[in-house]
Structure formats: C-alpha cells, structure tokens
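A look at the structure
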Amino acid sequence: MGKLKIFLKGLWEENPVFRLLLGMCPTLAVTGYLSNAIAMGLAVIFVLVCSSFTISSLRRFIPEEVRIPVFVVIIATFVTLADYYLRANFPVISKKLGPYVPLIVVNCIILGRQEAFASKNPVFLSVLDALGMGIGFSLALIILSSIREILGAGTILGIPILGSRFLPWLVLTLPPGAFLTLGALLGFIQFLEKRSK
Amino acid sequence: MNYRVRMIVMLLVVSAFSGGSLSYMYENLKEKIAENLRKEIEESVSNLIVFDNYQEKKWKENKVFVCYKEGKVSGYAIIGKGEGFQGKITLLLAMDGKGERILGIDILESQETPGLGAKIDEDWFKSQFSGKGKFPLKLVKLKKPEEEEIEAITGATISSRAVVNLVNSLVEELKEFIEQNG
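Residues numbered from 1 in each chain as written. Chains lettered and ligands numbered in written order. Predicted model: local features only at pLDDT ≥ 70, side-chain atom pairs only at ≥ 80, totals over all residues.

1. Notes on the overall build of chain B
For chain B, the count of helices and strands is three helices and seven strands. For chain B, the N- to C-terminal ordering of α and β elements is α-β-β-β-β-β-α-β-β-α. A compact globule built from 182 residues should have a C-alpha radius of gyration of about 16 Å, whereas chain B, at 22 Å, is more than 25% larger. In terms of its C-alpha atoms, chain B occupies a principal-axis envelope of roughly 80 × 45 × 25 Å. Across chain B, contacts joining residues at least 24 apart in sequence account for 48% of those joining residues at least 6 apart. (Helix = DSSP H or I, 4+ residues; strand = E, 2+ residues; numbered from the N terminus. Rg over C-alpha atoms; globule rule 2.2 N^0.38 Å. Contact = placed C-beta atoms within 7 Å.)

2. A look at the interface of chain A and chain B
Taken together, the contact pairs 20 residues of chain A with 20 residues of chain B. Considering each element in turn, the side of chain A that touches chain B owes the most residues, 10 residues, to helix 4 (residues 67-89) of chain A. Per-class residue counts for the side of chain A that touches chain B are 14 nonpolar, four polar and two charged. (Nonpolar A, V, L, I, M, F, W, Y, C, P; charged D, E, K, R; others polar.)

3. Some points on unusual backbone geometry
Residues apart from glycine generally show negative phi values, whereas peptide bonds are mostly found in trans. Of note, the bond from phenylalanine 135 of chain B into proline 136 of chain B is cis; its omega dihedral lies within 30 degrees of zero at -5 degrees. Inspection of the secondary structure puts proline 136 of chain B in the loop between helix 2 (123-126) and strand 6 (138-140). If you check the backbone angles, leucine 157 of chain A has positive phi at about 50 degrees while not being a glycine. Mapping leucine 157 of chain A onto the fold places it in the loop between strand 1 (155-156) and strand 2 (159-160). In this model, lysine 60 of chain B sits at a positive phi of 55 degrees, which is unusual for a non-glycine residue. Assignment of secondary structure puts lysine 60 of chain B in the loop between strand 1 (53-59) and strand 2 (62-69).

4. Examining the domain arrangement of chain B
All names here are of chain B. Domain annotation of chain B identifies domain 1 (1-48) and domain 2 (50-181). The gap between the C-alpha centroids of domain 1 and domain 2 is 34 Å. Taken together, the contact between domain 1 and domain 2 spans four residues of the former and nine residues of the latter. (Domains from an automatic or database assignment.)

5. Digging into the nonpolar core
Counting residues in each nonpolar core, the largest one holds 42 residues, and the members touching the most others are Met40, Ala43 and Val47 of chain A. Those elements giving two or more residues to this core turn out to be helix 3 (34-57), helix 4, helix 6 (108-118), helix 7 (123-153) and helix 8 (175-196) of chain A. If we ignore the near neighbours within four places in the chain, the residues touching alanine 43 of chain A are Ala82, Val101 and Ile104 of chain A. Listed in part, the 37 residues of the second largest apolar core include Ala77, Ile78, Ile120 and Leu170 of chain B. (Core = buried A, V, L, I, M, F, W, Y, C linked by C-beta atoms within 7 Å. Buried ≥ 20, exposed ≤ 12 C-beta atoms within 10 Å, placed from the backbone.)

6. Brief notes about the environment of isoleucine 143 of chain A
Tracing the chain through its elements places isoleucine 143 of chain A in helix 7. It is 11 Å that separates the C-alpha atoms of isoleucine 143 of chain A and valine 17 of chain A, two residues lying 126 residues apart in sequence.

7. Looking at the environment of valine 14 of chain B
Within the secondary structure, valine 14 of chain B sits in helix 1 (residues 3-48). Valine 14 of chain B gets classed as buried once you count the C-beta atoms within 10 Å, which come to 22. Put simply, valine 14 of chain B and tyrosine 24 of chain B are 10 residues apart on the chain and 15 Å apart in space, counted from C-alpha to C-alpha. Apart from residues lying up to four places away in sequence, valine 14 of chain B is in contact with Val70, Val73 and Ile74 of chain A.

8. Quick look at the sheet that holds strand 1 of chain B
All names here are of chain B. Within the open sheet, the five strands sit side by side as 1-2-3-4-5. Their pairing is antiparallel. Of all strands in the sheet, those with a lone pairing partner are strand 1 and strand 5 (102-109), marking the two edges. On average, each strand axis in the sheet is tilted by 20 degrees relative to the strand beside it, whichever way the strands run. Sheet topology note: the strand 3 (residues 72-83)/strand 4 (residues 88-96) ladder contains nine bridges and is antiparallel. Counted as the bridge partner of lysine 81 is threonine 90 from strand 4. (Pairing = 2+ DSSP bridges. Axes fitted to C-alpha atoms, helices over the stretch in contact; angles between N-to-C directions.)

9. Here we look at the confidence of the model for chain B
For chain B, mean pLDDT is 88; residues scoring 70 or higher make up 98% of the total. At the level of chain-chain contacts, confidence expressed as ipTM amounts to 0.74, with global pTM at 0.76. (pLDDT = per-residue confidence, 0-100.)

10. Thoughts on the packing of helix 3 of chain A against helix 4 of chain A
All names here are of chain A. Contact geometry for helix 3 and helix 4: axes closest at 9 Å, N-to-C directions at 140 degrees. One element, helix 3, and the other, helix 4, form an angle in the oblique class. Here helix 3 runs over helix 4; the crossing is right-handed. In this structure, helix 3 contributes Ala43, Phe46, Val47, Cys50, Ser51, Thr54 and Ile55 to the contact, and helix 4 contributes Phe71, Ile74, Ile75, Phe78, Val79 and Ala82. (Parallel < 35°, antiparallel > 145°, perpendicular 65-115°, else oblique. Left-handed = near helix turned anticlockwise from the far one by under 90°.)

Take a look at the structure:
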C-alpha cells in the first residue's frame, strides 16, 4: 500500500463514520452545531495522532498480553491533556462539549487504529494513518452538523443564513435528528456506491 | 528479562509516565482553569449588580457574593443548583442590598433540550425576574403575568417551573443569609 493510499483511505474508502460506522457516540451526540463538531474533530485528530505516534514508537516493547491496558493508559493521558487544554484556553467550547471530551477515551476509532495499524507499522506510516482517519472523522462530523444546523436552526456557526421566514426543523438539532440525518446520509452514500459499480 | 516481569515493568513505566505528565500539566493549568470559572461568575454578577469589590462567602451548600459600592452593600448574589428537565440547572440570583427585590438571574449551566428548555437562558425569559419583589413567584401560561407571576416558555413548562422553583428557594436562602449576616 502506498503512503498516499494509507492517508487517503480514512477520508473515503474506510471513512470511520460513513463506511466503518465507528465512533457513533460523538457522531450522534455533538453534531447539533457546526462549532461543536469542529472542536470535537480537532480533539480527536490530536489524540489519534499522538497516541498512534507513541504506540508505534513503543510497539517493540509492549508485551502482547498487556497491550490493551497500555493502549488505554496512553490514550487516556492524551485525552485528559486535551481536556485540560480546552478548559484552560477555550472555556466556552469546553463547556459545550461537556462530558464528550473525556469520552474520547472510549472512542473505538482510536483504540481500533492502535490495534489494527499503529501496533504493527512504523511510526511515519502510523501517523499518516492516524491523520487520515482523524480528518475523515472530522469531515463526517462537519457534514452531519452542517446539515443539522442549517435545517434545524437556520444558522451556520451561529450566523443566521436562511432568513426569518424559514421555520427551523427543530427536531434535527435534537437527538432524534442525529439518527435521521445519519441514516439519510448513509443511505445516500450506499446509493452512490451501487450506482458507480 | 523474565516475560512476566517485563509486563509489570512496562505497565508501571507507562502509568508512571502518564501520571507524571498529567500532574505536571494540571499544575500548570489549574490556575487558569479556576480563573476562567471565576471570571465567568464575576461577569454574570457584574451584569446584574453594580459594585467596586465583593466578598465571597459560603452559606450552607451555596456560594454567596456580597457586593459593595462605595463602602455600602449594593447587592447580593447567590449561586445554587436545582433539578431541571434533564440534569441540573445552575443558577445565579442577584438581589438588591436590602434583599427585597430581584435584580436579575442568570443561567450558568444547564442541559435542557435545545430549542425548547434551553430558552430559559434567553433574555426575554430571564428579564421577567428583574424587579420582582413579591414571593413566592408563580408560573402562569397563556395570560399576561401579574406582579408575582412569570410567563412560562411555550413547550417547556417543566424547565420554566424548575427555574421558578429554584429562584424561590434561593430567595428564601438569601433572605436567611442577610438576616444572619447583614
């Protein structure tokens, strides 16, 4: 597999949200507004890249039997660092994301990449893989939250764009809206896939 | 090295390193985090009460801020928590220096439904409380609110009632505080 391919597969072919259906908890929970999705995406990219880098560098020293606890401790460390950083420097966003930042620890995309890729591949490739997956995850969140915010609240990044005569489809910013939007998007992607074959 | 020993050593090293780096970061950032929290509270107090300086006091489970302007008490603010529609609502209530009238309220934290219950944080709802002096406050629907009445948010009666109840109980507590400390 070429280096470019390792990076690009996370964006579309193996997109964690649209193709692998991993990390559904943050995908459904924080995509009501675009600003939250961007912050969550950046936090996940940070944690994913740092963990992949660390675990890939240590891969020869981690005994097979205790690899999962070691992975989890490393991931949790970076998540907590990100949480402190957000709380100290971006209190508004940190308040909005609430418990979902600490919950990145159990985001299966991150543990999944360590198990499937970083623990078996050299550092540079692991970082590429992590970047691709992280950006793919962020893009999925951005697409979902844009649809939900525009139709559900009539705004984008808090700026009204649909005018005052537009009646917002409130349900889209509520939790059921996450399922509706994701379901419609997944159906649409399957449709495209079938047609291109 | 024995394989078992290697497992233990690896876990130990990783955990120690993780603990160390976290406490180092925390030590560096904790003042900034506390400062952010304080600034947020100070800002909401200063939107409601005019003051030069203030004193923070503990009263039962809540925090009370006694605000002074030119040496005289210009107002009191109390922060309390109450049960909302989903999760807790943290509310700041400001009253005048005699503890007779509400100067205003602010919602510091809430997890109410976006678009419905979350409207308790909108100005038109919060400003209804300003100037109220007759207690306990009552919640009304579909009519023009009178002196001790607050108009509910359409579609969010439970959240509105939670705020009114919380305000009533905080008014009681603040009056008690003023009686004993004023």
